[in-house]
Amino acid sequence: VQLQASGGGLVQAGRSVRLSCAASGSVSSINSIGWYRQAPGKQRELVAALTSGGHTNYADSVKGRFTISRDVAKNTVYLQMNSLKPEDTAVYYCYAKRFVMSNRVDYWGQGTLVTVSS
């Protein structure tokens, strides 16, 4: 599985940004796909995830502001980020998880920087 992330950039607080993650390769076997982020000096944390069954999971800090969705035809997952806050500033990483013979395998895209100015 290959993941290509895009979007991000510099945005003012309160504004919106949409990230995209295009998946290729063995996409039909992906169990879960979503986004992590890592702010300077902090650990990487899960932001939002979408399972193959359509279930979503969000970090408490982004609930009600961020929405993860997918376009199956394009093999692309989106993260719509609204009402951005300076604390949302981080490098955002697209990730995917699949199981190969019962072994979990994680895939990561390149990070994309989101900077929210106050």
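Residues numbered from 1 in each chain as written. Predicted model: local features only at pLDDT ≥ 70, side-chain atom pairs only at ≥ 80, totals over all residues. Heavy atoms only, no water.

Engineer: Would you mind going over the pattern of salt bridges with me for this structure?
Structural biologist: This structure, assessed with the given rule, holds 5 salt bridges. Here glutamate 45 and arginine 37 are joined by a salt bridge, their closest N and O atoms 2.7 Å apart. Residue classification places glutamate 45 among the partly exposed residues on the basis of a relative accessible area of 34%. Overall, arginine 37 belongs to the buried group, its relative accessible area being 5%. (Salt bridge = Lys/Arg side-chain N within 4 Å of Asp/Glu carboxyl O. Buried < 20%, exposed > 50% of the residue type's maximum accessible area, 1.4 Å probe, protein only.)

Engineer: What should I look at first to understand the sheet that holds strand 3 (residues 17–24) in this one?
Structural biologist: The strands making up a sheet associate through backbone hydrogen bonding, with each pair oriented either parallel or antiparallel. Within the open sheet, the 4 strands sit side by side as 1-3-8-7. Their pairing is antiparallel. Both outer strands of the open sheet, strand 1 (2–6) and strand 7 (66–71), are each paired with one neighbouring strand and no more. Sheet twist, expressed as the average angle between the axes of neighbouring strands with direction ignored, equals 20°. As judged from the 6 bridges shared by strand 7 and strand 8 (residues 76–81), these two strands associate in the antiparallel manner. For isoleucine 68, the partnering residue across the bridge sits in strand 8 and is leucine 79. (Pairing = 2+ DSSP bridges. Helix = DSSP H or I, 4+ residues; strand = E, 2+ residues; numbered from the N terminus. Axes fitted to C-alpha atoms, helices over the stretch in contact; angles between N-to-C directions.)

Engineer: What should I look at first to understand the state of the cysteines in this one?
Structural biologist: Joining two cysteines, a disulfide is a covalent bond between their sulfur atoms. Within the structure shown, the criterion is met by 1 disulfide. The disulfide bridge from cysteine 21 ends at cysteine 94, spanning 1.8 Å between sulfur atoms. Sign of the S-S torsion, about -75° for the bond between cysteine 21 and cysteine 94, identifies this disulfide as left-handed. Of the two residues, cysteine 21 sits in strand 3 while cysteine 94 sits in strand 9 (residues 90–100), which places them 73 residues apart along the sequence. Here cysteine 21 and cysteine 94 have matching classes, each one buried. (Disulfide = S-S within 2.5 Å.)

Engineer: Help me understand the nonpolar core in this model?
Structural biologist: Nonpolar side chains in soluble globular proteins tend to be buried together. Leu3, Trp35, Leu79, Met81 and Tyr92 are the most contacted members of the largest nonpolar core, which has 31 residues in total. Looking at this core, the elements that each hand over two or more residues are strand 1, strand 3, strand 4 (30–38), strand 5 (45–51), strand 7, strand 8, strand 9 and strand 11 (112–117). With residues near it in sequence (within four places) discarded, methionine 81 still touches Arg15, Ser16, Val17, Leu19, Arg65, Phe66, Tyr92 and Val114. (Core = buried A, V, L, I, M, F, W, Y, C linked by side-chain atoms within 4.5 Å. Contact = heavy atoms within 4.5 Å.)

Engineer: Would you mind going over unusual backbone geometry with me for this structure?
Structural biologist: Most peptide bonds take the trans configuration, and most residues that are not glycine carry a negative phi. Residue asparagine 75 is not a glycine yet carries a positive backbone phi of 50°. Tracing the backbone shows asparagine 75 in the loop between strand 7 and strand 8. The backbone of methionine 101 shows a phi angle near 50°, a positive value even though the residue is not glycine. Turning to its location among the elements, methionine 101 is positioned in the loop between strand 9 and strand 10 (103–108).

Engineer: Teacher, can you tell me more about the packing of aromatic side chains here?
Structural biologist: Two aromatic rings are characterised by how far apart their centres lie and by the angle between their planes. Scanning all chains against the criterion turns up 3 aromatic pairs. Ring geometry for tyrosine 36 versus tyrosine 95: centroids 5.0 Å apart, planes at 85°, classification edge-to-face. Taken as a pair, tyrosine 36 in strand 4 and tyrosine 95 in strand 9 lie far apart in primary sequence, 59 residues in all. Centre to centre, the rings of tyrosine 36 and tryptophan 108 are 5.2 Å apart; their planes meet at 65°, and the pair counts as edge-to-face. You can see tyrosine 36 sitting in strand 4 and its partner tryptophan 108 sitting in strand 10, a full 72 residues away along the chain. Judged by relative accessible area, tryptophan 108 falls into the partly exposed class, the value being 39%. The structure contains a cluster of three or more aromatic residues connected by ring pairs, namely Tyr36, Tyr95 and Trp108. Here the basic side chain of arginine 44 rests over the ring of tyrosine 93, its NZ or CZ set 3.8 Å away from the ring centre. The residue whose ring lies beneath arginine 44 is tryptophan 108, and the NZ or CZ to ring-centre distance is 4.7 Å. (Phe/Tyr/Trp six-rings, centres within 6.5 Å; stacked < 30°, edge-to-face > 60°. Lys NZ or Arg CZ within 6 Å of the ring centre and 35° of its normal.)

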